[in-house]
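What follows is the residue order along each chain.
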Amino acid sequence: MRCRACRRPPVIELRRHNAAFCQECFLKYATEQVKRAIDQFDMFTRDDRILVPVSGGKDSLALWDVLLDLEYDVDGLYLGLGIGEYSASSGAYARDFAARRGATLVEIDLPTDLGFDIPSGAVAARRAPCSACGLSKRHLFNQAALDGDYTIVATGHNLDDEAAVLFGNTIRWSTEYLGRQLPVLPATDGFVRKVKPLVRLSERETAAYCVLKGIDYIVDECPMAEGNKHLGYKDALNRIEEQSPGSKHTFYFGFLDRVSHLFTDAAEVEQADLRPCSTCGAPTPGDVCAFCKLVARVTAT
Amino acid sequence: MRVLLRNPRRELEVPGPLRVNALLTQLEVNRESVLVIRGDTLVTGDALLADDDDVELRPVISGGA
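In this report, the structure presented in the accompanying data block is examined.

Conventions and cut-offs
Residues numbered from 1 in each chain as written. Chains lettered and ligands numbered in written order. Predicted model: local features only at pLDDT ≥ 70, side-chain atom pairs only at ≥ 80, totals over all residues. Heavy atoms only, no water. Contact = heavy atoms within 4.5 Å. Buried area = accessible area lost by both parts, 1.4 Å probe. Salt bridge = Lys/Arg side-chain N within 4 Å of Asp/Glu carboxyl O. Polar contact = N/O pair within 3.5 Å; in protein donor to acceptor, adjacent residues only side chain to side chain. Helix = DSSP H or I, 4+ residues; strand = E, 2+ residues; numbered from the N terminus. Nonpolar A, V, L, I, M, F, W, Y, C, P; charged D, E, K, R; others polar. Buried < 20%, exposed > 50% of the residue type's maximum accessible area, 1.4 Å probe, protein only. Pairing = 2+ DSSP bridges. Axes fitted to C-alpha atoms, helices over the stretch in contact; angles between N-to-C directions.

## Structural notes on the interface of chain A and chain B
Across the boundary between the two partners, chain A contributes 30 residues, which contact 24 residues of chain B. Between chain A and chain B the total buried area reaches about 2300 Å² when both faces are included, carbon and sulfur atoms providing 53% of it. Linking chain A with chain B are 2 salt bridges. We note a salt bridge from R31 of chain B to E242 of chain A, for which the minimum N-O separation is 3.8 Å. Inspection of the chain A/chain B interface yields 11 residue pairs in polar contact (both at pLDDT 80 or more). Sorting the residues of the side of chain A that touches chain B by element identifies strand 1 (12-14), helix 2 (58-69), helix 7 (159-171), helix 9 (203-213) and helix 10 (229-243) of chain A as the ones contributing at least two each. The dominant element in the side of chain A that touches chain B, judged by the number of residues it contributes, is helix 10 of chain A, at 7 residues. Of the residues belonging to the side of chain A that touches chain B, the class tally is 13 nonpolar, 4 polar and 13 charged.

## Looking at the environment of F291 of chain A
Residues and elements named next belong to chain A. On the secondary structure map, F291 appears in helix 13 (residues 290-300). By relative accessible area, which is 5% here, F291 ends up buried. Every residue in contact with F291, bar those within four places of it in the chain, is listed here: L114, F116, L135, S136, H139 and L140.

## Description of the sheet that holds strand 5 (residues 105-109) of chain A
All names here are of chain A. Across the sheet, 6 strands lie side by side as 5-4-3-6-8-7; this open sheet has mixed pairing. Both edges of this open sheet fall to strand 5 and strand 7 (184-185), since each of them pairs with a single strand only. For strand 3 (residues 50-53) and strand 4 (residues 74-80), the ladder comprises 4 bridges, and the chain directions are parallel. Looking at strand 4, one finds that P53 is bridged to L77. Against the sheet, helix 2 contacts strand 3, strand 4, strand 5 and strand 6 (152-154), and its axis sits at roughly 155 degrees relative to strand 3. Sheet contacts for helix 3 (residues 84-101): strand 4 and strand 5; angle to strand 4, the most-contacted strand, approximately 165 degrees.

Here it is, written out as C-alpha cells:
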C-alpha cells in the first residue's frame, strides 16, 4: 500500500475513496475537503465573523483548527454542561487548544450562568438528556452568536452525524426535519446563519486529522449519550459502510442532490409560523420557546 | 502485544505478529469505527503488528448531534 498522492508509506486507508495517504497528504486532503464544502455550499466569506462551538471533542477542534489555518476570522465557544468530570475534562481540552493556538474562546457555563446542569435539567423537563442538551446548545449557540455580533455559527457535524440524522428522520419520515437537514441554514429573523463545513469528512477522518495534527481531544464518550438512538444509527450505517465503502457519502449527498428539495415546503411552513418568545425574544412557534420552558421547569423544582 | 480499548477503557494481551485487519477481525471490531494507533502513529490495515507492540484501538464514534 502506498500514499495515493506521493507514493510514500501511508498512515491511513480511506476505503470509501479506494485510497491511502501519508500524514502530510492526508492533512492536505482533509483541509481540501473542508475548503470544498465551504465553496460548494457558499457557506461564508472572509468578511464573516465565525463562531465555532467546541466541545473538546475531535470534530469541533478539528474544524476550529482548519479554519484558523485557513486564516478565517474565527473564535471558539465552549458551553459547560455540568456533566461532572466529563465536562471538567472536555472544557480543559477546549481551553488548552485555544491557549496553544492563541485563539479566543468564549465560555458559557450552564450551572453558573443559567442555574442548572444537563442531568438535573433533563429530569426536571422530563426530557432525555441528549434532548435537553441539544435544545440548550441550539438556543445558547445562537444567542451567543447574536450577542457577540458573529455572522456565522459553524458546527462540527461530520458526514457520519448527517447520515445518521438523515437515517433517523427517514425512518420516521419527519418531513419538516428532512426539509431543514442541509449543510447551510440561512440567517432569518432571530437566527444566525448556521453551517457544517465538515460534511465531506467522516468521523474517522476528523479523528485522524486530530491525531496527525497533535490535537489532544476528549476520547471518552459523554456518559449521558450511552445507548442513545443516534449511536445506534451510526452503528447500523457503519455495518453497511464496512460491506460497501462509500455508502454513507452516497446516502447523504444523494439526498442533498436528488431529494432534499422535495421537503423544503414542510420546513418553510414551520419557519413561517415563528414569532418572538415572550420571555427571551428567540423565534418560536409558541408563546414561549422550548428552552425557556425548560429553564422554567428546572427553576420551579 | 498489549491492546488498549476504550468506552469502557480496558487492556487485552493478543499474541503477535498479526496484521491490523486480522486483529480487528479477531476482536470483532468494525474497521470503520476505530483508528489503530501503534505507539503514537496511525497504522493501516495491512501493517504487521509485533508481539511487543503497544496498540490502541481508538473509537471514533461520538454520540452528540
